[in-house]
Amino acid sequence: MSGIDPILLLAALMVGSTPILLAAIGELVVEKSGVLNLGVEGMMITGAICGFAVAVETGSPTLGFLGAAAGGAALALLFGVLTQFLLSNQVATGLALTLFGLGLSALIGQAYIGVRPPPTPRVDLGPLTDLPVVGRVIFGHDFMVYVSLALVVAVWWILRRTRAGLILRAVGENHDAAHALGYRVVLVRLAAILFGGACAGLGGAYLSLIRVPQWTEGMTAGAGWIALAIVVFSGWRPFGVLVGAYLFGGVSVLQLNLQAAGVAVPVELLSMSPYLITILVLVVMSSRSRTALGAPASLGKAFHATT
Amino acid sequence: MIRLVPRAEPSTAWTIATPILAVLLTMIAGGLMFAALGKDPFESIRTIFWDPLFHPQFAGYSRPQLLVKAGPLILIAIGLSLGFRAGVWNIGAEGQYIVGALAGAGTALALYPLEAWWIFPLAVLIGALGGWAWAMIPALLKTRFRTNEILVSLLLVYVAEALLASMSLGLMRNPEGGGFPGSRNLARWEPTANAELIGGTGMHWGVLTAFLAVIAAYVLLTRHIRGFHLRLAGQSPRAARFAGVEPNRLVIFCLGVSGALAGLAGIFEVTGPAGQISIDFNVGYGFTAIIVAFLGRLHPVGILLAGLLMALTYIGGELAQLMLGLPAAAIQAFQGMLLFFLLAVDVLTNYRLRLGAVA
């Protein structure tokens, strides 16, 4: 254990958690609107390669992240059209999105294997960064870490404190009632789906541009699925998502550090641990009742306006 | 303005026509994708769908491959389709496939160098049990704690992959393999060889099992009360409960059968076409089988045809890689596209299109 520096570990935790935090906060909004999009993994990996390609071609990580958001949203649009207008099964369409996204990203990514992306600069917060301990743990990161945290606060504020958030939640809780009140259920949901896709794309690009940073096929390795599990864990609350993502990030960073430190635990067991812990957390959370958890009542149900 | 009017019952004609329409649309969109990659779209489509069967030079090699590739796809998809019909979503077949192969191969390797005829049947049985046991994890968590089976079964795929890496580098590594990862070759060891049953057709025990599974699933769904319960639970869970269907038993049954069939596919693969346990012997059949199940309309006969078609895209894809330099990932995207188009045109099965404003 002596080889592990707790300060570096905490700093790495923030970086390690950000991809999942971004994807999960997007999916939270989607599910709050009553739509279950299981294609997070596909949108993340598409975002990872779109962001990577744009960043390499333009030399700008910022443009890369914008491209990633666009790529994720484009794939989400496909899901939105299929589920909202053509009323396809959400579970099957989400799976299709993941299968297609994995293939598409591998196809685009061929030209980018072994390429190094332009580095994303750390944000210089001046005196804050120079603080002992806290400076390195909290104030020495790239801008996306702070964007992800700001997104959590923004999503919380919009869902809880604004009219738009109220409408979104109404659509998710009871789409027929929301429709009767004159809200455009399909459009609200489509907007939520696009937001979710853009966030998943950002999460993917964070992996390929900052966390790893390079492109390899299938590099998300289940992060999208873990993001879905974290939404359940959070009880559909934005700050719950933050806690879940950071807990999970902590586990995966710790297991990587333990592997590197050569602790006497089999490497395979360590690399399984993030998935096993996610399953364990799901079991603990789901033994509570669905309503106590706060799942939106219309989650996963198709909406077809008859009048 | 186009409106959708729900049909009282799904249209039979469209149920059959939509997969064909989806395949045609995928060919068009795929052709555009190939053209964007700088390949001749017509030549690409012909190489994928026609040449593996009828090319004078390659057909001799690739025709038997059709059954070799279709076997595991059909076997897994039949199992998945039962669950999908009942609203039980096992999407971790890839993991059950790996664990089934590991369990069966592990049993056979433990008996090496014993020469006995019963090793192969035993390995197959243990393989099915392995897949079944792996699928029981999400099943029991679902029935006990109402944990979402989609997430658990999928996350277990990553656990199974880590297990596979561990086994092929450690416990099951061939001691005479010169330190290379991977087990002894099971296909070349007489007691476990899953040999071709009819020379030159690619028909091995796994393909035979897949055909038997198609027949069994057909009988189950059309002639057996449990098949009726499956369909009822999928269409109306509430009505199913009134009819005395126990949801928990249904979950255990669906996940158990699909896990066991995926495990069978796995053990037949490592004792036959793949030959050994190695880090990447699994090529994603467990995921492609999801597409096969939907393309076959969750119907046994449909799955048989869909499995053959999907196998064709695998072989044709390899041929196109060889002949035209078409990237392997393009085929993967092509297969994903097929599922998209299928889901999109499926609206025609359940709804009528009407032009004009609300009447």
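As a starting point, this report considers the structure included with it. Computed from a predicted model, the values in this text were never measured in an experiment.

1. Section: the overall build of chain B
Next, step 1: Summing up its helical and strand segments, chain B has 15 helices and four strands in all.
Next, step 2: Since a compact globule built from 359 residues should have a radius of gyration of about 21 Å, the 21 Å found for chain B is in line with a globular shape.
Next, step 3: Overall, chain B is about 75 × 55 × 35 Å in size when its C-alpha atoms are taken along their principal axes.
Next, step 4: Counting all 359 residues of chain B, 57% fall into the buried class.
Next, step 5: A separation threshold of at least 6 residues defines the contact pool for chain B, and within that pool the share at least 24 residues apart is 77%.
Next, step 6: Summing over all exposed atoms, chain B offers an accessible surface of approximately 15400 Å²; the carbon and sulfur share of this is 65%.

2. Here's the deal with the state of the cysteines
Next, step 1: Tallied over the entire structure, the rule returns zero disulfides over all chains.
Next, step 2: Free of any disulfide, C199(A) has its nearest cysteine sulfur in C50(A), 15 Å distant.

3. Digging into the interface of chain B and chain A
Next, step 1: Across the boundary between the two partners, chain B contributes 38 residues, which contact 44 residues of chain A.
Next, step 2: Buried area between chain B and chain A, summed over both chains or domains, comes out near 3500 Å², and the portion from carbon and sulfur atoms is 82%.
Next, step 3: Of all residues in chain B, L151(B), L155(B) and F340(B) bury the most surface against chain A, accounting for 19% of the area lost on that side.
Next, step 4: Counting the contacts that link chain B with chain A gives zero salt bridges.
Next, step 5: For the interface between chain B and chain A, the tally reads one residue pair in polar contact (both at pLDDT 80 or more).
Next, step 6: The set of elements that each furnish at least two residues to the side of chain B that touches chain A consists of strand 1 (2–6), helix 6 (119–145), helix 7 (149–169), helix 12 (285–295) and helix 14 (328–345) of chain B.
Next, step 7: Broken down by element, the side of chain B that touches chain A gets its largest block of residues, eleven residues, from helix 7 of chain B.
Next, step 8: Partitioning the side of chain B that touches chain A into residue classes produces 33 nonpolar, four polar and one charged.

4. So, helix 1 (residues 6–32) of chain A
Residues and elements named next belong to chain A.
Next, step 1: The end-to-end C-alpha distance of helix 1 is 36 Å, a good match for the 39 Å that 27 residues give at a rise of 1.5 Å each.
Next, step 2: The sharpest bend along helix 1 comes to roughly 40 degrees, located at T18, with the proline P19 sitting one to four residues further on.
Next, step 3: Helix 1 sits mainly inside the fold: 21 of its 27 residues count as buried.
Next, step 4: Immediately downstream of helix 1, the backbone of G34 shows phi near 95 degrees, a positive value.

5. Section: the packing of helix 2 (residues 40–58) of chain A against helix 3 (residues 61–85) of chain A
Residue and element names in this part refer to chain A.
Next, step 1: Across the interface, helix 2 lies against helix 3 with an axial gap of 7 Å and an inter-helix angle of 145 degrees. Between helix 2 and helix 3 lies a crossing of right-handed hand. Residue-level contacts link G42, M43, T46, G47, C50, G51, V54, A55 and T58 of helix 2 to P61, L63, G64, G67, A68, G71, G72, L75 and A76 of helix 3.

6. Notes on empty space enclosed by the protein
All names here are of chain B.
Next, step 1: The final tally for this structure, using the stated rule, is two cavities of 30 Å³ or more.
Next, step 2: Taken as a whole, the largest cavity holds about 40 Å³ of empty space.
Next, step 3: What lines the largest cavity is simply V23, T26, F49, L309, T313, F334 and L338.
Next, step 4: For the lining of the largest cavity, the secondary structure elements donating two or more residues are helix 1 (12–36), helix 13 (300–324) and helix 14.
Next, step 5: A volume near 30 Å³ is recorded for the second largest cavity.
Next, step 6: Surrounding the second largest cavity, G71, P72, L75, H204, G206, A265, F268 and E269 form its lining.
Next, step 7: Taken together, the elements giving at least two residues each to the lining of the second largest cavity come down to helix 4 (59–86) and helix 11 (247–271).

7. Quick word on the packing of aromatic side chains
Residue and element names in this part refer to chain B.
Next, step 1: Applying the stated criterion to the full structure yields 15 aromatic pairs over all chains.
Next, step 2: Centroid distance F49 to F334: 6.0 Å. Interplanar angle 55 degrees. Geometry classified as tilted. A residue pair is termed long-range when its members are at least 10 positions apart, and F49 in helix 2 (residues 41–49) and F334 in helix 14 qualify at 285 residues. No difference in accessibility class separates F49 from F334, as the two residues are buried.
Next, step 3: In textbook terms, an aromatic cluster arises when at least three aromatic residues are bridged by ring pairs, as seen for Y97, F281, Y285 and Y314.
Next, step 4: Above the plane of the ring of F253 lies R226, whose end atom (NZ or CZ) is 4.6 Å from the centre.

8. Section: unusual backbone geometry
Most peptide bonds are trans, and most residues other than glycine sit at a negative phi.
Residue and element names in this part refer to chain B.
Next, step 1: We note that R297 has phi near 55 degrees; this positive angle belongs to a residue other than glycine.
Next, step 2: Mapped onto the elements of the fold, R297 is located in the loop between helix 12 and helix 13.
Next, step 3: Unlike most non-glycine residues, L298 shows phi in positive territory, near 60 degrees.
Next, step 4: Inspection of the secondary structure assignment puts L298 in the loop between helix 12 and helix 13.
Next, step 5: For L298, a relative accessible area of 15% corresponds to the buried category.

9. Quick notes on the packing of helix 7 (residues 143–161) of chain A against helix 12 (residues 238–261) of chain A
All names here are of chain A.
Next, step 1: Contact geometry for helix 7 and helix 12: axes closest at 8 Å, N-to-C directions at 155 degrees. The orientation of helix 7 with respect to helix 12, classified from their angle, is roughly antiparallel. Here L149, V152, V153, V155, W156 and L159 of helix 7 come into contact with helix 12, specifically with P238, F239, L242 and Y246.

The rules behind these values
- Residues numbered from 1 in each chain as written.
- Chains lettered and ligands numbered in written order.
- Predicted model: local features only at pLDDT ≥ 70, side-chain atom pairs only at ≥ 80, totals over all residues.
- Heavy atoms only, no water.
- Helix = DSSP H or I, 4+ residues; strand = E, 2+ residues; numbered from the N terminus.
- Rg over C-alpha atoms; globule rule 2.2 N^0.38 Å.
- Buried < 20%, exposed > 50% of the residue type's maximum accessible area, 1.4 Å probe, protein only.
- Contact = heavy atoms within 4.5 Å.
- Areas by Shrake-Rupley, 256 points an atom, 1.4 Å probe, with all protein chains shown as cover.
- Disulfide = S-S within 2.5 Å.
- Buried area = accessible area lost by both parts, 1.4 Å probe.
- Salt bridge = Lys/Arg side-chain N within 4 Å of Asp/Glu carboxyl O.
- Polar contact = N/O pair within 3.5 Å; in protein donor to acceptor, adjacent residues only side chain to side chain.
- Nonpolar A, V, L, I, M, F, W, Y, C, P; charged D, E, K, R; others polar.
- Expected span 1.5 Å × (residues − 1).
- Bend = angle between axes of the 7 residues up to and from the residue.
- Axes fitted to C-alpha atoms, helices over the stretch in contact; angles between N-to-C directions.
- Left-handed = near helix turned anticlockwise from the far one by under 90°.
- 1 Å grid on protein atoms, 1.4 Å probe; cavity = no way out; pocket = protein on both sides within 12 Å on 5 of 7 lines; lining within 4 Å.
- Points joined across faces, edges and corners; volume = space filled by probe spheres on them.
- Phe/Tyr/Trp six-rings, centres within 6.5 Å; stacked < 30°, edge-to-face > 60°.
- Lys NZ or Arg CZ within 6 Å of the ring centre and 35° of its normal.
- Parallel < 35°, antiparallel > 145°, perpendicular 65-115°, else oblique.

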